Each structure stands twice: as structure tokens, then as C-alpha cells.
Amino acid sequence: MAQKLDDTKLLFRAVIMGPPGSGKGTISERIARGFGLQHLSSGDFLRENIASNTEAGVLAKTYIEKGLLVPDHVMTRLLLPRLEEMTCHSWLLDGFPRTLAQAEALNSSCELDLVISLNIPLETLKERLSHRWIHQASGRVYNMCFNPPRVQGVDDITGEPLIQQDDDKPEALVARLRHYKDVAKPVIDVYKAKGILHTFSDTDTDRIWPYISSLLSAKIPTDIADAQRASTH
Ligand SMILES: Nc1ccn([C@H]2C[C@H](O)[C@@H](COP(=O)(O)OP(=O)(O)OP(=O)(O)O)O2)c(=O)n1
Ligand SMILES: Nc1nc2c(ncn2[C@@H]2O[C@H](COP(=O)(O)OP(=O)(O)O)[C@@H](O)[C@H]2O)c(=O)[nH]1
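On a predicted model such as this, the values are computed, not experimentally measured, just so you know.

Engineer: Sorry if this is basic, but what is going on with the environment of D206 here?
Structural biologist: When you line up the elements, D206 lands in helix α8 (residues 205-219). Classification of D206 as partly exposed rests on a relative accessible area of 47%. Residues D206 and I27, spaced 179 residues apart in sequence, show a C-alpha to C-alpha distance of 9.3 Å. If we skip the residues at most four places from it in the chain, D206 touches R30 and F146. A distance of 2.8 Å separates polar atoms of two side chains, one belonging to D206 and the other to R30.

Engineer: What should I look at first to understand the environment of V115 in this one?
Structural biologist: With respect to the helices and strands, the residue V115 is situated in strand β6 (residues 114-119). Judged by relative accessible area, which is 0%, V115 ranks as buried. Taking the C-alpha atoms as reference, V115 lies 31 Å from L162; in sequence the two are 47 residues apart. Once residues within four sequence positions are removed from consideration, V115 is found in contact with V15, M17, Y191, I196, L197 and H198.

Engineer: Explain the sheet that holds strand β4 (residues 38-41) here, please?
Structural biologist: Paired through their backbone hydrogen bonds, the strands of a sheet run either parallel or antiparallel. Strands sit in the order β4-β5-β3-β6-β9 across an open sheet of 5 strands; the sheet is parallel. Edge positions in the open sheet fall to β4 and β9 (197-201), since each of these has one partner strand only. Pairwise comparison of adjacent strand axes, ignoring direction, gives a mean angle of 20° for this sheet. Relative to β6, strand β3 (residues 13-17) is paired through 4 bridges, and the arrangement is parallel.

Engineer: Help me understand the site of ligand 2, please; the structure alone is not making it clear to me.
Structural biologist: Residues in contact with ligand 2 amount to 17 residues; listed here are only the nearest, G21, T26, R132, N147 and T205. Within the backbone of G23, a nitrogen or oxygen atom sits 3.0 Å from an oxygen atom of ligand 2. R132 is positioned with one of its side-chain polar atoms (N or O) 2.8 Å from an oxygen atom of ligand 2. Here ligand 2, which alone exposes 580 Å², has 90% of that area covered by the protein. Listing elements by their share of the shell around ligand 2, those giving two or more residues are α1 (24-35) and β8 (140-143). When grouped by side-chain class, the residues that make up the shell around ligand 2 number 5 nonpolar, 8 polar and 4 charged.

The rules behind each value
- Residues numbered from 1 in each chain as written.
- Chains lettered and ligands numbered in written order.
- Predicted model: local features only at pLDDT ≥ 70, side-chain atom pairs only at ≥ 80, totals over all residues.
- Heavy atoms only, no water.
- Helix = DSSP H or I, 4+ residues; strand = E, 2+ residues; numbered from the N terminus.
- Buried < 20%, exposed > 50% of the residue type's maximum accessible area, 1.4 Å probe, protein only.
- Contact = heavy atoms within 4.5 Å.
- Polar contact = N/O pair within 3.5 Å; in protein donor to acceptor, adjacent residues only side chain to side chain.
- Pairing = 2+ DSSP bridges.
- Axes fitted to C-alpha atoms, helices over the stretch in contact; angles between N-to-C directions.
- Near = heavy atom within 4 Å.
- Areas by Shrake-Rupley, 256 points an atom, 1.4 Å probe, with all protein chains shown as cover.
- Nonpolar A, V, L, I, M, F, W, Y, C, P; charged D, E, K, R; others polar.

Printed below as a string of C-alpha cells:
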């Protein structure tokens, strides 16, 4: 159950999981807009910490530069204090937890209300990621077919050039997906056992979205969603 703070605030804490390209970022943005949950992307946290040279950021950079996952203790040191600060706002975590150790650390720090797991066919993931372009500084994501930038090759907000990540190429993707499956399976099993896991399978985000939206509508009262939205934007 979401934790009741007072008559007007109800904290809702959710996690979104899925392989690279499954639409976590895209769906998180819709949830943030529609329900006022603060979208917390671990990739964005890492980029912010790297840009501002924090101790954890400097450490994380040494792993990311080598194409490695950041170790659990660095990720938890980075993320958990940020979550603990968010005592008055509902949130949706994207990109964390990735491992069982991260899930256990999160579990000891707070109680989750919902875990959304995206189950998307491999061919769809390959196709999407081959068209994914990002604005590296902000992590803003585009797709040349699904949600193209207003001007080709250029970020809508800053006007800076977009790049394609090396690990979005099909050769790298198969290894990333295998890794995701191995590492995510025990995490998914934990959430299934807790009874908070909801899995969505389809090739199109637009077909999944109505189901996620009605699930959240049933769990988050409209007045709470409105209040959260107003305090987020
Ligand atoms: N729990 C996490 C989250 C992120 N990272 C690292 C590895 C990623 O390469 C980098 C950027 O993370 P993102 O989630 O932004 O991007 P990804 O490309 O890994 O994820 P996806 O393709 O699923 O959006 O940060 C990590 O080690 N551990
Ligand atoms: N064609 C198509 N592209 C999509 C769909 N949903 C998301 N995308 C794009 O696919 C890519 C991966 O989505 P993203 O939200 O970044 O996934 P994440 O890696 O799980 O965060 C991005 O370029 C999105 O714009 C969809 O239903 N169809």
C-alpha cells in the first residue's frame, strides 16, 4: 500500500524494468506527465554526477568508459540518498535496480507499490535501437520513426547535435540483452513473489500504454495525481 502522509498526499513508489529499447524512458515520461510521478532515471543521475565530478560520478565514469556496469555499492550510494530525500513526492525509478543486490538495498530503504516490467520481442528491440538517437548531455531520447526531433539530427531543446550510441548497434545489443535476462530474472522473481509485478508484452508502446494508464488510474486517485503533477511542473 502507498504510504499515507496526510489527507492530501499519498506517496506512490514504482519501478520500471525492461531490456534496452523496451520503452522504459518513453513510458516513464508519459507516467510522469499523466500521473505526476517524478521520473528518476539512474542513467540521468550518473550523467549528472559525472558532469559535476562528484566522488561517485568520478568512480562511475571509470566503469562506464570501459562499457562496464557500475558496481552495486556505487549505484546504491548514489541512488538511495536521493530517494530518501524524496519524502513528499511520488516517484518512478528507471534503470535501478538492475541487480538482485540493488533490489535488496532498495527493499531495505523503502517499500515499493508497483513494478512494471516490459517484455518486448528481440526483433522489435533491434529495430527500435537502430533508430534511437540521443542528446548525450541530457539523455533525451528520439527515434527517427516513432518520435523524431523537430529538426533532423538536432535536440529540440538545446539545438545541439544528437548521437547514436555504439551499444545500440545490433551486434552489441544481443550481448546486452543476454546480460539483462541473466541479471534481471532474479529481480523480477523477487517482485513477482511480493505480488507487485505487472508485466506488459507487445511490439508497440502505444498499445501497452492504455493498460499501464488504467492500472495507474486504479492505484492513484485523480486528486493525488493532480496534486503531484502540479508540484512536479
Ligand atoms: N543501475 C545502473 C544504471 C546505469 N548504469 C550505467 C550503464 C549504462 O551504460 C549507463 C547509462 O545508463 P542508461 O540507463 O541511461 O542507459 P542504458 O543504455 O544502459 O539503458 P537503456 O538502453 O535500457 O535505456 O549507466 C549502471 O551501470 N547501473
Ligand atoms: N517504432 C517504435 N519506437 C518506439 C516505441 N516505443 C519507444 N520507441 C523508441 O524506441 C527507442 C527505445 O525507447 P526508450 O524509451 O529509450 O527505451 P529504454 O531503453 O527502455 O529506456 C527510443 O528511440 C524510442 O523513441 C514504439 O512503440 N515504436
